[in-house]
Amino acid sequence: MAGILGEYTEVFLEESEDQIQELNANLVKLEKDHTNPEIINDIFRAAHSLKSSSAFVGLYNLSDLAHKMENLLQKIREGTVEINTILVNLLFECFDLIKNVIESVAQGIKVETPFTEMIKKLDDYEKSVSGKSSEVTKAFVPDSNSKTIHISDGNKEELSSFLMNNPETKAYLVQIQLKADTQMKGLRLLLVLQSVKAQGEVFHSDPSEADLDDGKASNSLTLVVATNSSDSEIHALCNIDMMENVTVTPFEFENQTSKSEISNSPVEQVPNFSESNSKLGNQKTEQAPEKAAGDSKVVMKTIKVSSDKLDELMNNVGELVITNSGFQKIYDDLVAQFGEDSLFNELKGKIDQINRISKDLQTGIMNIRMVPIGSVFNRFTRLIRDLSLETKKKVNLELRGENTELDKKVIDAIGEPLIHLIRNSVDHGLETPEERKAIGKSEEGTVELNAYQGGSNILVEIRDDGRGLNKQKILKKAIEKGLTTESESSNLSDNEIFQFIFAPGFSTADKISDISGRGVGMNVVNKLIEEFKGKIIIQSEEGSGSSFTLSFPQALAIIPSILVTMEEEVYAFPLSEVSETIKVGIDQITTLEGHEIINLRGEVLPIYRLNRILGQADKPETVEVPVVIVNFKTRKLGFIVDDLIGKHETVIKSLGKNYKDVPGLTGATIMGDGTIILVLDIPGLVELASEKLQIDSNVVEGKLMKRTSTIRSLEMTDSQEIFKSVLSTNLYNEKLQEIKSKEKTKIKKDRSRYERKVQIVEERTPEIKIISIKESEADTIPLSNTKSTFVEPSNGVSLSYSIVESNESKTDSKEEEIQRLAERARIDSSDAEERAKAADIIKGFVEQKEERLKQINNSSSDNQMGEMMSKENIKKLEGIVNSGMMNAGMVLSQLVSKDVELFIPEIKLTDREGLGKDFRYSHEGFFGVKIRMTGDLHGNLLMMFSEENASEIAKTLLGSEEAKFEKDGKTLSEDMVSALSEISNIVCSGVMNSLSNKLKKQILPDVPELINGSFMEVIEIVKPERTKFLSMHTEFNHEGSNLLGVLVFLPDFDELVELIQKA
Amino acid sequence: MLANLQEKNQEAEANLEDIEQFLTFRVGEEIFGIRLLLVHEILKPVFITRLPNVEDYTLGVINLRGEIIPILDLKKRFSKTDSEVLHQSRIIVVMLNEKRSGIFVDEVKQVVKVHKKLISETIDDLSLNYSKMVESVSRYGDHLILNLSLEQIIEFVSAGKQA
């Protein structure tokens, strides 16, 4: 997009802004040091550049002004115009005008007005001074031509007569300087001489033509020529390649004589002057080409890059970091699902590597945005000069640490606040020269700007040696304005007192000057601090001076944060602001003057309820609440949140890009799984909080709604519903969730309907699945059609399954069954060893199973079950609980370090009595642990240990000695109890996990309860509410017959049916 | 009806430049249109992350392939009643001034081509409570399509400048 000046607008703006800054800075330097030719050259060069570049983009008026300036500067260079305040001011005026034009251009306005007034002023001044030829001419001749011009008298006479005879001609003094490394100097100068000769009469030449012809090498050439060409024409003639400097000035006889007089007679100041100047000049010639070379070297090391490009790059790298965390999450999920694997380890290694590289990339790119603060500092030299003139105080500005780098955004924004601070220092801080003298200080006050790195922060310090801050005055004003009270004030530290000056409109100035005193400046500073999450530290000693230190955190893009949940919304507190996180009992929150506070280790902190600030409902009271303690300015605050999740590295995206800035938030970020996290802005929150206190906003109601998010906190209880505020968005999400789940079940129903069509159901009598060994069993099964098949897995382990179906006539589906169960067994055991174990286990108890079958077969309640659950569902259920039980068996065997065999359970729909019948151990003594199931399925899991073995088991777990009975030898000791509870918990969890996974629901254990007594007694206690219930149980045996325990699965029937259907 | 209109269009059709394309959709009982060039994509409803302390018609933000865009409830914007989420509801993602945002509507209908002659600027005495957001009205067979001014609806585009 071309700017208003065409495609080079941007380039012009950048360059010219730099030039103007340089001009200003240099002019100030020049004022202090009139004799430094280098500075003048710099100024000249800058003006010259400005002239040509403004002409190039079409700002001709600017170009004209610059040209005029150039002329004046040239005169300064030669020494025909001396430097004084008037001149300097004039020049500053010019600079300001130019600056205005540049700024207008930057805003899209092309300024066309000719600077006639200014130009006239310059002209006038020029005329007024050019006539004077001061005795002490400060000869700024920058080249070795300070060696005086020896024009012979003879030549002079000739010249004057020539001039008289040819009135239209003028005499010029031409001084030419070649670059140090020029080749064939003599030849070039000769050429120049000859071309000038063609234009006029040369009356003096140094070195002479003859000399040049001889090959005498010289860096410079001085000519006196009379010609009717203009000086610029002569200038152009001489300005050939490799010219360092060409000056053409009107040749004045008088001047020349005085000059030559000076040169001939050693008058005090001047010869010294010219000598020293010549030395300087000589040095200068050496320096000048070097400097030029140095400049060009510097220029080549940098490239100007548009900050938009950088922003885009930063954005992409940010995305990279986010995607990386997505990888991490997938890795975690994989491990959770499939267990550890060497391949996964490799993956993790690569993920870590990429993480490191992208972090480095991000840091690197952020560094690109870092700009040395020197560019900002240089602006202030001019400011100080102006200020000291205005206030009639003598101010010395010292700059340090110009190379310290800050992010460009900060650099751009820091200018204004620094100006305010400097103004304050000069206006209020520093005393007048008389005052200073009176108290013994140097007449000149010092303002020091210093930038350096401190830890992970960049610090910018403004220090003055003035009169310091008056604590009392500030305090008084603060109390006056109601910012604090008398009583509180005694507790405030010095820094805290000083911080009051940041309050809007705060000023202890007795008089408001044009510069400061309105109390606005400090507020600007404050805004900057807040915007960039910086801090300001004020130190001051009355009489000695004050220092204001701004500190900014270095990295602005990746912000580590603490994540919290509010209902189901995730918010992030930037870690740099967080002091700590604690749990606070509700009773510890008290109210003081309408504000809630807590006592934190003796410190009183105000505490805010984040839910209210965010517009959420108040939760039903809990005993304890988590609180995040943050640093706010110099105080600490607490925010009550719903839950803490943990730490997270967030890459902040601005909300303003597509939307707008929301109060209370600095932006948003995206988690690895796509969830949006809103990042909190602490000052914004505090402001909102105070607003909300004042307005009586409508109270938001809340109710239980279904969960839509998968985020879980460290200790959140997993329930299907969560308390949420009744707000449009929440209602929308809930409705959406309903629709989605309906769609899901619809899809599943369609699918299962489709599947059912494929299967042929012949009879509705219930079938029982039996697993038996080998062939012989077939006879013992009293049920109708039975068949046995064998599955010989290729790994040599004889896993024999034989499945008997009452009404299955298709071998295919049976094969399927076998496959399915085999699959299940394999899934739950990942290596051959365990599979072998599984095989043994199955073998081990199958015999026992059969005996019981007989009992079961006769139960009439089987029919009922058949009615309530379809065959298919039953199969499903058995399969699922199968694997659950196997899991449990595995776990148990590991726990007790014994081989455990278990029954594969079958389903029983029965009533209480029936249940009793099933268990052959009905009247033996048992220790039972009942674990209630909650979540998507309710019911009980009962883990029972036979008395004989209970102690054995406990001993194994605890490590022998502790597992003792109480004195009566019967009751379990506490240790035993806990050991058994532990085992039960683990085993039951195994079952529940398996169930949860397979049903894709959440089934969680509740607190275990110990029951003691005979089997029947135990069952009695467990008895479910309904008279009919479904049970599956299995026995854990060791070495065939040694009963370790019994696990009974007693779910809520209806719920189970529902779940199975959906699964 | 469509055929009807197409005929009419063909009659009035001089050259392509005189045709404006609109995406039509329904909010409540009204049919609205938006210039097709502004439409970026159409999504099925997704979970929205709530933003605290914003206008009541801004439902929140969503993550659209890495970009965070706001979603506004058009029904709420017009009539102060919440939208119902139904299986035909959609989110229309529009782009204005390089800012993307989403509009929640009850049903997306079709893309229509309307000859400019059939589009008339809104008459001031159109006493709809959202009349200032309608920039023109098109005749579409028997229907009136109220063409929305995106700038007016997505106020936060301009509000953002003030913020």
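Conventions and cut-offs
- Residues numbered from 1 in each chain as written.
- Chains lettered and ligands numbered in written order.
- Predicted model: local features only at pLDDT ≥ 70, side-chain atom pairs only at ≥ 80, totals over all residues.
- Heavy atoms only, no water.
- Helix = DSSP H or I, 4+ residues; strand = E, 2+ residues; numbered from the N terminus.
- Buried < 20%, exposed > 50% of the residue type's maximum accessible area, 1.4 Å probe, protein only.
- Contact = heavy atoms within 4.5 Å.
- Areas by Shrake-Rupley, 256 points an atom, 1.4 Å probe, with all protein chains shown as cover.
- Pairing = 2+ DSSP bridges.
- Axes fitted to C-alpha atoms, helices over the stretch in contact; angles between N-to-C directions.
- Parallel < 35°, antiparallel > 145°, perpendicular 65-115°, else oblique.
- Left-handed = near helix turned anticlockwise from the far one by under 90°.
- Nonpolar A, V, L, I, M, F, W, Y, C, P; charged D, E, K, R; others polar.
- Phe/Tyr/Trp six-rings, centres within 6.5 Å; stacked < 30°, edge-to-face > 60°.
- Expected span 1.5 Å × (residues − 1).
- Buried area = accessible area lost by both parts, 1.4 Å probe.
- Salt bridge = Lys/Arg side-chain N within 4 Å of Asp/Glu carboxyl O.
- Polar contact = N/O pair within 3.5 Å; in protein donor to acceptor, adjacent residues only side chain to side chain.
- Core = buried A, V, L, I, M, F, W, Y, C linked by side-chain atoms within 4.5 Å.
- pLDDT = per-residue confidence, 0-100.
- Patch = residues over 30% accessible without salt bridge, like charges linked within 9 Å, V, L, I, M, F, W, Y side chains within 5 Å.
- Lys, Arg positive; Asp, Glu negative; His and termini not counted.
- Charge placed at Lys NZ, Arg CZ, Asp CG, Glu CD.

### Things to note about the overall build of chain A
Move 1: Within chain A, the regular secondary structure consists of 34 helices and 31 strands.
Move 2: The 1063 residues of chain A split such that 47% are buried.
Move 3: Long-range pairs, those at least 24 residues apart, make up 71% of the contacts in chain A between residues at least 6 apart in sequence.

### So, the overall build of chain B
Move 1: Regarding its fold elements, chain B presents four helices and 11 strands.
Move 2: Across the 163 residues that make up chain B, the buried fraction comes to 51%.
Move 3: When contacts within chain B are restricted to residue pairs at least 6 apart in sequence, those whose partners lie at least 24 apart make up 55%.
Move 4: Here chain B displays about 8,200 Å² of accessible surface, and carbon together with sulfur accounts for 47% of that area.

### Looking at the sheet that holds strand S1 (residues 170-178) of chain A
Residue and element names in this part refer to chain A.
Move 1: Read across the sheet, four strands follow the order S2-S3-S1-S4 without closing on themselves; strand pairing throughout is antiparallel. This sheet does not close on itself; its edge strands, each paired only once, are strand S2 (200-206) and strand S4 (243-250). Strand-to-strand twist in this sheet, taken as the mean axis angle between neighbours without regard to direction, amounts to 20°.
Move 2: Note: S1 against strand S3 (residues 220-227), eight bridges, orientation antiparallel. Along S3, the bridge assignment pairs Gln175 with Thr222.
Move 3: Those strands touched by helix H6 (residues 153-165) are S1, S2 and S3, and its axis lies near 160° from that of S2.

### Here's the deal with the packing of helix H3 (residues 60-78) of chain A against helix H4 (residues 85-106) of chain A
Residue and element names in this part refer to chain A.
Move 1: Contact pair H3 / H4: the axes reach a minimum separation of 11 Å and the direction vectors enclose 155°. Comparing their axes, H4 and H3 come out roughly antiparallel. For H3 against H4, the interelement crossing comes out left-handed. Residues Leu62, Leu65, Met69, Leu72, Leu73 and Ile76 of H3 lie in contact with H4, whose contacting residues are Leu87, Leu91, Cys94, Phe95, Leu97, Ile98 and Val101.
Move 2: Residues of the contact of H3 with H4, tallied by class, amount to 13 nonpolar, no polar and no charged.

### Remarks on the sheet that holds strand S7 (residues 99-105) of chain B
Residue and element names in this part refer to chain B.
Move 1: Strands sit in the order S3-S6-S7-S5-S4 across an open sheet of five strands; the sheet is mixed. The sheet terminates laterally at strand S3 (39-43) and strand S4 (58-64), the two strands that pair on one side only. Within this sheet the neighbouring strands show an average axis-to-axis angle of 30°, counted without direction.
Move 2: Summarising the sheet, strand S5 (residues 67-73) and S7 pair through three bridges and their orientation is parallel. Looking at the pairing, Asp73 lines up with Phe104 of S7.

### Side note on the packing of aromatic side chains
Move 1: All told, the structure shown has five aromatic pairs over all chains when counted by the stated rule.
Move 2: Through a chain of ring-to-ring contacts, the aromatic side chains of Phe573, Tyr608 and Phe639 of chain A assemble into a single cluster.

### Digging into the packing of helix H16 (residues 408-429) of chain A against helix H21 (residues 521-531) of chain A
Residue and element names in this part refer to chain A.
Move 1: It is the contact of H16 with H21, at a shortest axis distance of 9 Å, that shows an interaxial angle of 145°. H21 is crossed by H16, and the crossing has left-handed handedness. Along the contact surface, H16 presents Ala413, Ile414, Glu416, Pro417, His420, Leu421 and Asn424, while H21 presents Gly521, Met522, Val524, Val525 and Leu528.
Move 2: Of the residues that constitute the contact of H16 with H21, the class distribution is eight nonpolar, three polar and one charged.

### Structural notes on helix H15 (residues 379-391) of chain A
Residues and elements named next belong to chain A.
Move 1: Over its 13 residues, H15 extends 19 Å from the first C-alpha to the last, a length consistent with the 18 Å expected when each residue adds 1.5 Å.
Move 2: Among the residues of H15, those classed as buried are Phe380, Arg382, Leu383, Ile384, Arg385, Leu387, Ser388 and Thr391.
Move 3: In the segment just after H15, Lys392 is the residue with positive phi, at about 60°.

### A word on the interface of chain B and chain A
One widely used convention gives an interface's size as the accessible area the parts lose upon coming together.
Move 1: Across the boundary between the two partners, chain B contributes 36 residues, which contact 36 residues of chain A.
Move 2: Roughly 3,100 Å² is buried in total at the junction of chain B and chain A, and carbon and sulfur atoms are behind 59% of that figure.
Move 3: Applying the counting criterion to the chain B and chain A interface returns two salt bridges.
Move 4: For the salt bridge of Arg50 of chain B with Glu569 of chain A, the shortest nitrogen-to-oxygen distance reads 2.7 Å.
Move 5: Linking chain B to chain A there are 10 residue pairs in polar contact (both at pLDDT 80 or more).
Move 6: Listing elements by their share of the side of chain B that touches chain A, those giving two or more residues are S4, S5, S7 and helix H4 (156-162) of chain B.
Move 7: If you tally residues by element for the side of chain B that touches chain A, the top one is S4 of chain B, at five residues.

### What to know about the nonpolar core
Residue and element names in this part refer to chain A.
Move 1: Within the largest apolar cluster, 45 residues are counted, with the highest numbers of intra-cluster contacts made by Phe380, Ile414, Leu418 and Leu550.
Move 2: Per element, the largest residue contribution to this core is seven residues, and it comes from H16.
Move 3: When near neighbours in sequence (up to four residues on either side) are disregarded, Phe380 contacts Leu397, Gly415, Leu418, Ile419, Ile422 and Leu449.

### With respect to the confidence of the model for chain B
All names here are of chain B.
Move 1: In the predicted model, chain B carries a mean pLDDT of 77, and 71% of its residues have values of at least 70.
Move 2: Within chain B, S3 carries the highest mean pLDDT (92), whereas H4 carries the lowest (37).
Move 3: Of the regions scoring below 50 in pLDDT, residues 156-163 engages in 12 contacts with residues more than four places distant in sequence or in other chains.

### Quick notes on a positive patch on the surface
All names here are of chain A.
Move 1: Together, Lys740, Lys744, Lys748, Arg751 and Lys1000 make up a region of like positive charge exposed at the surface.
Move 2: Tracing the backbone shows Lys1000 in the loop between helix H32 (974-999) and strand S29 (1003-1014).
Move 3: Overall, Lys1000 belongs to the exposed group, its relative accessible area being 69%.

### Things to note about helix H12 (residues 307-338) of chain A
All names here are of chain A.
Move 1: If you check H12, its first and last C-alpha atoms are 47 Å apart, about what 32 residues at 1.5 Å a residue would give, namely 46 Å.
Move 2: Those residues of H12 not exposed but buried are Leu310, Met314, Val317, Gly318, Val321, Ile322, Asn324, Gly326, Tyr331 and Val335.
Move 3: Two residues or fewer after H12 comes Gly339, characterised by a positive phi angle close to 85°.

### Digging into the pattern of salt bridges
Pairing of side chains with opposite charge becomes possible as their charged atoms draw close.
Residue and element names in this part refer to chain A.
Move 1: Applying the stated criterion across every chain, the model contains 35 salt bridges over all chains.
Move 2: Where Lys619 meets Glu567, a salt bridge forms, and the shortest distance between an N and an O atom there is 3.7 Å. Here the residue Lys619 occupies a position in the loop between helix H22 (610-613) and strand S18 (624-632), and Glu567 occupies one in the loop between strand S12 (558-566) and strand S13 (569-574), the gap between them amounting to 52 residues.
Move 3: The exposure class assigned to Glu567 is buried, which follows from its relative accessible area of 4%.
Move 4: Salt bridges sharing partners connect three or more residues here, namely Glu31, Asp96, Arg382, Arg385 and Asp386.

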